[in-house]
Amino acid sequence: MEELLEILGSMHPDVDFEICDTLMDDNILDSYDMVELVSEIRDTFDVKIPMEEIIPENFNSAEAIYDLIESLENEA
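Residues numbered from 1 in each chain as written. Predicted model: local features only at pLDDT ≥ 70, side-chain atom pairs only at ≥ 80, totals over all residues. Heavy atoms only, no water.

## Focus: the confidence of the model for the protein
Here the protein shows a mean pLDDT of 96. Residues at 70 or above account for 100%. Of all secondary-structure elements in the protein, the lowest mean pLDDT belongs to helix α4 (residues 62–75), at 96, while helix α1 (residues 2–11) reaches the highest, 98. (pLDDT = per-residue confidence, 0-100. Helix = DSSP H or I, 4+ residues; strand = E, 2+ residues; numbered from the N terminus.)

## Regarding the packing of aromatic side chains
Tallied over the full model, the rule gives one aromatic pair. Where Phe45 meets Tyr66, the ring centres are 6.5 Å apart and the plane angle is 75°; that geometry is what we call edge-to-face. Note that Phe45 is positioned in helix α2 (residues 31–45) and Tyr66 in helix α4, a separation of 21 residues in sequence. (Phe/Tyr/Trp six-rings, centres within 6.5 Å; stacked < 30°, edge-to-face > 60°.)

## A few points about the packing of α2 against α4
Interaxial distance between α2 and α4 falls to 12 Å at its minimum, and their mutual angle equals 45°. Considering the angle they form, α2 stands oblique to α4. As α2 runs across α4, the sense of the crossing is right-handed. Facing α2, whose interface residues are Leu37, Ile41 and Phe45, α4 presents Ile65, Tyr66, Ile69 and Glu73. Looking at the contact of α2 with α4, its residues break down into six nonpolar, no polar and one charged. (Axes fitted to C-alpha atoms, helices over the stretch in contact; angles between N-to-C directions. Parallel < 35°, antiparallel > 145°, perpendicular 65-115°, else oblique. Left-handed = near helix turned anticlockwise from the far one by under 90°. Contact = heavy atoms within 4.5 Å. Nonpolar A, V, L, I, M, F, W, Y, C, P; charged D, E, K, R; others polar.)

Structural data, given as structure tokens:
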């Protein structure tokens, strides 16, 4: 989780990703951020996020993103 928080923090240092649960709902993460985030997740965690998993529910909070990463790691 710490690595994910570092990635998110480098994108938006002004956001408290440990408590924010409206990243997509409040447009904190935009489409450019999503491209960068998915790429960083692939490189850091060695998981590929399928297009069908790129939905607001999976990216509204750091916890949701981390849960997605863990579920994809377990599938591998």
